[in-house]
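Listed here are the chains, written in short residue letters.
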Amino acid sequence: PGAEEDGGLSDDDSDSDEGPEERPLMEGVTDRAVEALRTLARDGRLSREHKRRLLTSIVEHHKAGGPASAVEIAYELLVMRFL
């Protein structure tokens with residue numbers, strides 16, 4: 001199927017040389033991803049250990065100067081677009 005038929009997602013994204021961690025994030029993704037992790041943990045749907053690991057991933061990625069962590073990219077692609 002073409003890009004329009006599959007919602008713009010395809011296995012072959014030859015139009016872009018950017019990897020998933022090289023593209024800019026939508027505004028507010030980091031704050032909203034962190035808040036979602038806190039909410040999930042508070043509601044008992046995410047263990048304290050998993051919350052710690054995911055938050056650590058975000059913090060370490062930003063300390064290293066990276067534009068986006070895998071957690072933020074996942075939040076943007078799977079959650080934020082539908083809010």
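Here's a quick rundown of the structure. (Residues numbered from 1 in each chain as written. Predicted model: local features only at pLDDT ≥ 70, side-chain atom pairs only at ≥ 80, totals over all residues. Heavy atoms only, no water.)

Considerations on the overall build of the protein chain
Consideration 1: Looking only at helices and strands, the protein chain features 3 helices and 0 strands.
Consideration 2: In sequence order, the protein chain lays out its α and β elements as α-α-α.
Consideration 3: Scored against the burial criterion, the 83 residues of the protein chain give a buried share of 20%.
Consideration 4: Sequence-distant contacts, at least 24 apart, represent 59% of the contacts inside the protein chain between residues at least 6 apart.
Consideration 5: Within the structure as shown, the protein chain displays about 6,400 Å² of accessible surface, and the carbon and sulfur contribution to it stands at 51%. (Helix = DSSP H or I, 4+ residues; strand = E, 2+ residues; numbered from the N terminus. Buried < 20%, exposed > 50% of the residue type's maximum accessible area, 1.4 Å probe, protein only. Contact = heavy atoms within 4.5 Å. Areas by Shrake-Rupley, 256 points an atom, 1.4 Å probe, with all protein chains shown as cover.)

Some remarks on the nonpolar core
Generally speaking, soluble globular proteins have nonpolar side chains that are buried together.
Consideration 1: Counting residues in hydrophobic clusters, the biggest one holds 6 residues: Val34, Leu37, Leu46, Leu55, Ile58 and Val71.
Consideration 2: Mapped onto this core, the elements with two or more residues apiece are helix H1 (29–42) and helix H2 (48–63).
Consideration 3: Apart from the residues lying within four places of it in its own chain, the contact partners of Leu46 are Leu37, Leu40, Ala41, Lys51 and Leu54. (Core = buried A, V, L, I, M, F, W, Y, C linked by side-chain atoms within 4.5 Å.)

Some thoughts on the environment of Leu54
Consideration 1: The residue Leu54 is located in helix H2 in this model.
Consideration 2: Residue Leu54 is classed as partly exposed on the basis of its relative accessible area, which comes to 29%.
Consideration 3: Considering only alpha carbons, one finds Leu54 and Ala33, 21 residues apart in sequence, at a separation of 9.8 Å.
Consideration 4: Excluding residues within four positions of it along the chain, Leu54 makes contact with Leu37, Leu46 and Val71.

Quick word on the pattern of salt bridges
Consideration 1: Using the criterion set out here, one finds 3 salt bridges in the structure.
Consideration 2: Two residues, Arg52 and Glu49, come together in a salt bridge whose shortest N-O distance is 2.6 Å. Of this pair, Arg52 and Glu49 both sit in helix H2, separated by 3 residues, roughly a single helical turn.
Consideration 3: When its relative accessible area of 33% is taken as the criterion, Glu49 is described as partly exposed.
Consideration 4: Look at the salt bridges and you will find they share partners, linking Glu49, Arg52 and Arg53 into a network. (Salt bridge = Lys/Arg side-chain N within 4 Å of Asp/Glu carboxyl O.)

Observations regarding a nonpolar patch on the surface
Consideration 1: Together, Leu77, Leu78, Val79 and Leu83 make up an exposed nonpolar region whose accessible area comes to about 390 Å².
Consideration 2: Here Leu78 lies in helix H3 (residues 70–78). (Patch = residues over 30% accessible without salt bridge, like charges linked within 9 Å, V, L, I, M, F, W, Y side chains within 5 Å.)

Describing the side chain of Glu72
Consideration 1: Among the structural elements, Glu72 can be located in helix H3.
Consideration 2: Overall, the relative accessible area of 0% leaves Glu72 in the buried class.
Consideration 3: At 2.2 Å, the side chain of Glu72 and the side chain of Thr30 are in polar contact. (Polar contact = N/O pair within 3.5 Å; in protein donor to acceptor, adjacent residues only side chain to side chain.)

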